Number of protein chains: 2
Amino acid sequence: MARISKKRQQATEKLLEALGTRKVKLEGDAKYMASFDSLKLAFAYDALVIARSEKDVGATLQLANEFRVPVTTRGAGTSLTGSAAPAKGGWVLDVSNLNRIKIEKTKSMAIVGPGAVVGQIQAAAEELGLFYPPDPSSLKYSTIGGNIACNAGGMRCAKYGVTRDFVLALEGFLPTGEKVSWGGEYKKFATGYNIRDLWIGSEGTLGVVTKAVLRLLPKPEKKWTILVAFDSDLKALQAVQKLLGDGHNPSILEFLDSNSVYCAEEIAGVKLFKGLSLKPLLLVEFDGNAAQLRADKKKAIEWAKATGLAYREARTEKETEVLWSARRACSPAMFSMGDSKINEDIVVPLESQAKFARFLKQMQKKWKINAPTFGHAADGNFHVNIMYTRSDKEECKRAKGAVADLMKKVCELGGTISGEHGIGLAKTPFMTVARNEAEIGAMKAIKKALDPKGILNPGKIFEPYEVWDKALEKVKLPWDKKPIAKKES
Amino acid sequence: MARISKKRQQATEKLLEALGTRKVKLEGDAKYMASFDSLKLAFAYDALVIARSEKDVGATLQLANEFRVPVTTRGAGTSLTGSAAPAKGGWVLDVSNLNRIKIEKTKSMAIVGPGAVVGQIQAAAEELGLFYPPDPSSLKYSTIGGNIACNAGGMRCAKYGVTRDFVLALEGFLPTGEKVSWGGEYKKFATGYNIRDLWIGSEGTLGVVTKAVLRLLPKPEKKWTILVAFDSDLKALQAVQKLLGDGHNPSILEFLDSNSVYCAEEIAGVKLFKGLSLKPLLLVEFDGNAAQLRADKKKAIEWAKATGLAYREARTEKETEVLWSARRACSPAMFSMGDSKINEDIVVPLESQAKFARFLKQMQKKWKINAPTFGHAADGNFHVNIMYTRSDKEECKRAKGAVADLMKKVCELGGTISGEHGIGLAKTPFMTVARNEAEIGAMKAIKKALDPKGILNPGKIFEPYEVWDKALEKVKLPWDKKPIAKKES
């Protein structure tokens, strides 16, 4: 152990020598804030590297290889799974300053650094009449590098696809510190193995991105929104099937189960339908040109009348905001059910959604736990929010039991354990539930082939990690929503 | 050598024992026809396996691993690169009978076997109002397995994306014979490494697909087509930039250079503009709903008037066919310039297209060779058709020189050597032109990690192979177009 420490110390000295104290921090606030991500599980580590150029990234990786130092790359650190936390110590490589955004209008492309904030990429594209569809809820803070690392999704994915579907090329470094690029400023290649898409979603374990080329679409002309209330969770999910089965292609199709509606109505005081109480909702948005929207609107209203209890449509921007208020309020209001939340972004195939709704009820009853659920119904990617109080050991045990049941069930239903957050540390115990031995074996063989020294983001995805035993940092992050407490009546 | 042969013989005996003579062919026409693909470079091999089930695939791979027998998977064999030819002998695994097609309307998905013909998948989807966009010119014959193997493209890719963009999940076998599945009947996953996309485009060297889940879109309501003639290749390519820069999003944007137009007009006798001769063309299609098309049409006609010499639009299906006649006729007419064609599907970024047009002229002059060029201008994926006479050794040398110059140039221009055909055998000498040492090293490391015995499709992609020294089979394949000779006037 002592020998390793000495070697590590020597490595960090070399790093300081190469990059200087402006870029290498051995202590201080910035270093502390990079010891965890949005999971708030902190780890001790040696040095924070604040990269200012691609060269800094290369230099860091070359030294890390020479001295076998673990390197964990990070952007904003919005990950909910611990994937950006330095689980095995070593160095944290912060690339958030590599945040160039250049929009190429004729080519419908964005050339961006890994630290570019996703919302800022979208805004820059929109200024030129273009559109970057992926919209994770973290988009005001999260960087494209992190979005690529976990193949981030969002609400518009069922119609438009996930981050992967918009990445044309990646440039960066192999774990060995060698410079590579996968793809270019073009839309097609069939030139050897596609390591671009292997990098995407690999949670920073197979390479470090220093540049990405993104595909952009023409910006849709208009949007139209409708909110529909249903008699039961099951009825709402059946209506999803009806809508999609009839050939509709909504840009957003968000489901709020009755528990989520309870949080919005009873805790946050957002009530959208008079005379109806605790009724699950579907929030549906269509986008396109005016003629397309007219047709969509007509058919959607027919569908709402046939399947729902009541509906409201938005004619103005202000009305649209009102329709979104339940969706926006339910999440912070959930903290009235417990000071801690596990947001499991599981996926279930469309035909299993009714079975899944029944399971959710049973699960909450069995484990005496609240798990308000909402999410992207068109692609079956639901956020099951398991609420608990971290200091209540007995409740923690129940929450843990509920998570295990949930993971097993979604796989039984033909779904999977993560749709857009990734595995990180938090979901490592469930990799063997989701994947067979041969599949995990192939993944590990690839990791070993590309990162023979095990430098990049070690401890993630494959090594089972128990988050429940650890204390979490008590710190407010910029994207943490202020909990909503029950309004006095 | 004798020892290997004996072991091989024993392996083939075991294979026969396991699968029977109905599925294993040691001689005959079927075996001969599987000794080459559309490149027509034939190789001797031991046995053809005609798989009738997934189980047959597994059994073949397990035996191949036990006895270290090379296995080359094939569908229809439309590959132009030799990627489906058994370059190292062994066994050919024909999966064209695994051709199930099941359309899931509500989920907008197609569940297909690897042997399903792409055109038949499209037709089945269209019957239910759905749409599978990738449209390689081989689509009446080529199978989805082959399309996945080379990440096939086509004309509609600039708007809709390539095969990869429509593959949600793959099921099949690792080279080791272990059963795996990557993804499921859902649209999102972030559950460990994405080996689905690593398989796509890996030309059958990393796995064998036995089932694919494809994403489908709503079928566009209508199409509208316009054909525009330009004063020069350069002017036509500049007009492409103008069209895309103004925010148009055509579903098809095909370029025919003046040499291709020569083939259509002078050889095939297709003349579409009175008073204009040998003028390069852009064939532009828009799709969408009626209102969208009205807007597109108005703007496209303005663009044609501003940039072109003349235009024709199609009001009816019949008129559309007329506009397509030059594009369809130019390819078979090229054989008047030589009995052999190398169709190089290179990619150049949009901003380099003008430079590329100048290079093409110089290249043809320097090597005294005809290389009529057409292709998908919106994504810079051009087909440079180098025409030569195979029996003319001196002309072969010049054609070979032209190919080498072309490959070097497209990489210099920021493009790449293949957009949709893949590397196979034919492009192996140029892998080091397109990719750096670290990139190729990473690919080879992955191959070794997943296929430690080197069973699957050995000799492809990475090992330089010289096709010019070999004789090609003189056989007519179902998709070979009948050459068009000059019409008597």
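Residues numbered from 1 in each chain as written. Chains lettered and ligands numbered in written order. Predicted model: local features only at pLDDT ≥ 70, side-chain atom pairs only at ≥ 80, totals over all residues. Heavy atoms only, no water.

What to know about the interface of chain B and chain A
Bring the parts together and some accessible area is lost; that lost area is often taken as the interface size.
Thinking step 1. Opposite the 83 residues of chain B that make contact, chain A presents 83 residues.
Thinking step 2. Of all residues in chain B, Lys-188, Thr-191 and Tyr-193 of chain B give up the largest surface area on contact with chain A, accounting jointly for 16% of the area buried on that side.
Thinking step 3. Here chain B and chain A share eight salt bridges between them.
Thinking step 4. Among the salt bridges present, the one from Lys-188 of chain B reaches Glu-420 of chain A, with a minimum N-O distance of 2.7 Å.
Thinking step 5. In this assembly, chain B and chain A are joined by 29 residue pairs in polar contact (both at pLDDT 80 or more).
Thinking step 6. Only helix H6 (157–160), strand E9 (179–182), helix H7 (195–199), helix H8 (233–245), helix H10 (290–307), helix H14 (431–434) and helix H15 (437–450) of chain B provide two or more residues apiece to the side of chain B that touches chain A. (Contact = heavy atoms within 4.5 Å. Buried area = accessible area lost by both parts, 1.4 Å probe. Salt bridge = Lys/Arg side-chain N within 4 Å of Asp/Glu carboxyl O. Polar contact = N/O pair within 3.5 Å; in protein donor to acceptor, adjacent residues only side chain to side chain. Helix = DSSP H or I, 4+ residues; strand = E, 2+ residues; numbered from the N terminus.)

Observations regarding the packing of helix H12 (residues 353–367) of chain B against helix H13 (residues 393–412) of chain B
Residue and element names in this part refer to chain B.
Thinking step 1. Taken N-terminus to C-terminus, the directions of H12 and H13 make an angle of 160 degrees; their axes are 10 Å apart at the nearest point. In terms of orientation, H12 and H13 fall into the roughly antiparallel class. Crossing hand, H12 versus H13: right-handed. Each of Phe-356, Phe-359, Leu-360, Met-363, Lys-366 and Trp-367 in H12 lies in contact with H13, whose residues at this interface are Arg-398, Gly-401, Ala-402, Asp-405, Leu-406, Lys-409 and Val-410.
Thinking step 2. Grouping the amino acids of the contact of H12 with H13 by side-chain chemistry returns eight nonpolar, one polar and four charged. (Axes fitted to C-alpha atoms, helices over the stretch in contact; angles between N-to-C directions. Parallel < 35°, antiparallel > 145°, perpendicular 65-115°, else oblique. Left-handed = near helix turned anticlockwise from the far one by under 90°. Nonpolar A, V, L, I, M, F, W, Y, C, P; charged D, E, K, R; others polar.)

Digging into the environment of Lys-486 of chain B
Residues and elements named next belong to chain B.
Thinking step 1. Positionally, Lys-486 belongs in the segment after H15.
Thinking step 2. The exposure class assigned to Lys-486 is partly exposed, which follows from its relative accessible area of 49%.
Thinking step 3. Distance in space between the C-alpha atoms of Lys-486 and Arg-315 is 30 Å, their sequence separation being 171 residues.
Thinking step 4. If we ignore the near neighbours within four places in the chain, the residues touching Lys-486 are Glu-266 and Ile-267. (Buried < 20%, exposed > 50% of the residue type's maximum accessible area, 1.4 Å probe, protein only.)

Things to note about the UniProt feature "domain: FAD-binding PCMH-type" (unreviewed entry) in chain A
Thinking step 1. Under the local residue numbering, the UniProt record ascribes the feature "domain: FAD-binding PCMH-type" (unreviewed entry) to residues 41–219 of chain A.
Thinking step 2. The span residues 41–219 of chain A is 22% helix and 24% strand, and its two end C-alpha atoms sit 39 Å from each other. (UniProt positions renumbered as here; feature names shortened; annotations may be inferred.)

Examining the pattern of salt bridges
Thinking step 1. The full count for this structure, using the stated rule, is 69 salt bridges over all chains.
Thinking step 2. Of the charged contacts in the structure, one is a salt bridge between Glu-412 of chain A and Lys-409 of chain A, with a shortest N-O distance of 3.8 Å. Taken as a pair, Glu-412 of chain A and Lys-409 of chain A lie in helix H13 (residues 393–412) at a separation of three residues, close to a single helical turn.
Thinking step 3. Exposure remark for Lys-409 of chain A: the relative accessible area of 24% places this residue in the partly exposed category.
Thinking step 4. Lys-179 of chain B is paired through a salt bridge with Glu-54 of chain B; the nearest N and O atoms lie 3.2 Å apart.

As for H13 of chain A
Residue and element names in this part refer to chain A.
Thinking step 1. In this model H13 runs 29 Å from its N-terminal to its C-terminal C-alpha over 20 residues, within 8% of the 28 Å that 1.5 Å per residue would give.
Thinking step 2. At its buried positions, H13 is contacted by strand E16 (340–347), helix H12 (353–366), strand E18 (381–388) and helix H14 (431–434).
Thinking step 3. Following H13 by one or two positions, Gly-414 adopts a phi angle in the positive range, close to 85 degrees. (Expected span 1.5 Å × (residues − 1).)

Examining the packing of aromatic side chains
Residue and element names in this part refer to chain B.
Thinking step 1. Following the criterion strictly, the structure yields 26 aromatic pairs over all chains and no others.
Thinking step 2. Taking 5.2 Å as the distance between ring centres and 65 degrees as the angle between the ring planes, the aromatic pair formed by Tyr-32 and Phe-36 counts as edge-to-face.
Thinking step 3. The class for Tyr-32 is partly exposed, based on a relative accessible area of 34%.
Thinking step 4. Taking the relative accessible area as the measure of exposure, Phe-36 reaches 1% and is therefore buried.
Thinking step 5. Between Tyr-388 and Trp-468, the aromatic rings sit 5.1 Å apart at their centres with planes inclined by 50 degrees, giving tilted as the arrangement. (Phe/Tyr/Trp six-rings, centres within 6.5 Å; stacked < 30°, edge-to-face > 60°.)

What to know about the sheet that holds strand E3 (residues 71–74) of chain A
Residues and elements named next belong to chain A.
Thinking step 1. On the basis of which strands lie adjacent, the open sheet formed by four strands has the order E1-E2-E4-E3 and mixed pairing. Looking at the sheet topology across the chains shown, the edges are occupied by strand E1 (24–25) and E3.
Thinking step 2. Pairing of strand E2 (residues 47–50) with strand E4 (residues 91–94), which is carried by four bridges, proceeds in the parallel orientation. Residue pairing across strands places Ile-50 opposite Asp-94, the latter belonging to E4. (Pairing = 2+ DSSP bridges.)

A word on unusual backbone geometry
Residues and elements named next belong to chain A.
Thinking step 1. Phi at Glu-203 is positive, roughly 55 degrees, even though this residue is not glycine.
Thinking step 2. Counting through the fold element by element, Glu-203 comes out in the loop between helix H7 (195–199) and strand E10 (208–215).
Thinking step 3. Relative accessible area serves as the criterion here: at 3%, Glu-203 is assigned to the buried category.
Thinking step 4. Residues other than glycine seldom take positive phi values, yet Lys-368 does so here, at roughly 45 degrees.
Thinking step 5. Secondary-structure assignment places Lys-368 in the loop between H12 and strand E17 (373–376).

Things to note about the packing of helix H9 (residues 258–267) of chain A against helix H11 (residues 317–333) of chain A
Residues and elements named next belong to chain A.
Thinking step 1. One can describe the packing of H9 onto H11 by two numbers: an axis separation of 8 Å at closest approach and a directional angle of 90 degrees. Taken together, the axis directions place H9 and H11 in an arrangement best described as roughly perpendicular. Across the interface between the two elements, Ser-260, Cys-263, Ala-264 and Ile-267 of H9 pack against Ala-326, Cys-330 and Ala-333 of H11.
Thinking step 2. Among the residues making up the contact of H9 with H11, the classes are represented as six nonpolar, one polar and no charged.

Looking at the relation of the copies chain B and chain A
Thinking step 1. Note on the copies: chain B fits chain A at an RMSD of 0.0 Å, the axial shift is 0.0 Å, and the rotation between them is 180 degrees. The superposition operator between the copies reduces to a two-fold rotation axis.
Thinking step 2. Of the interface residues in chain B, 100% have counterparts in chain A that sit at the interface too, so the contact is made through matching surfaces. (Least-squares fit on C-alpha atoms with pLDDT ≥ 70 in both.)

Things to note about the nonpolar core
Thinking step 1. Phe-356 and Ile-386 of chain A together with Phe-356 and Ile-386 of chain B are the most contacted members of the largest nonpolar core, which has 197 residues in total.
Thinking step 2. If you count residues domain by domain, this core takes at least three from each of domain 1 (101–218) and domain 2 (222–421) of chain B.
Thinking step 3. Among residues more than four places away in sequence, those in contact with Phe-356 of chain A are Ile-346, Val-348, Phe-382, Val-384, Leu-406, Val-410 and Leu-413 of chain A. (Core = buried A, V, L, I, M, F, W, Y, C linked by side-chain atoms within 4.5 Å. Domains from an automatic or database assignment.)

Examining a positive patch on the surface
Thinking step 1. A surface patch of positive charge is lined by Lys-222 and Arg-294 of chain A together with Lys-222 and Arg-294 of chain B.
Thinking step 2. Within the secondary structure layout, Lys-222 of chain A lies in strand E12 (residues 222–229). (Patch = residues over 30% accessible without salt bridge, like charges linked within 9 Å, V, L, I, M, F, W, Y side chains within 5 Å. Areas by Shrake-Rupley, 256 points an atom, 1.4 Å probe, with all protein chains shown as cover. Lys, Arg positive; Asp, Glu negative; His and termini not counted. Charge placed at Lys NZ, Arg CZ, Asp CG, Glu CD.)

Points about the environment of Val-208 of chain B
Thinking step 1. Residue placement: Val-208 of chain B occurs in strand E10 (residues 208–215).
Thinking step 2. Every residue in contact with Val-208 of chain B, bar those within four places of it in the chain, is listed here: Val-57, Leu-61, Thr-73, Leu-93, Glu-171, Gly-172, Phe-173, Trp-199 and Leu-456 of chain B.

Here we look at the sheet that holds E10 of chain B
Note: strands within a sheet are paired through backbone hydrogen bonds, in either parallel or antiparallel orientation.
Residues and elements named next belong to chain B.
Thinking step 1. Strand order in the open sheet formed by five strands is E5-E6-E10-E8-E9, with antiparallel pairing between adjacent strands. Both outer strands of the open sheet, strand E5 (101–104) and E9, are each paired with one neighbouring strand and no more. When the angles between neighbouring strand axes are averaged without regard to direction, this sheet yields 15 degrees.
Thinking step 2. Pairing between strand E8 (residues 167–173) and E10: six bridges, direction antiparallel.

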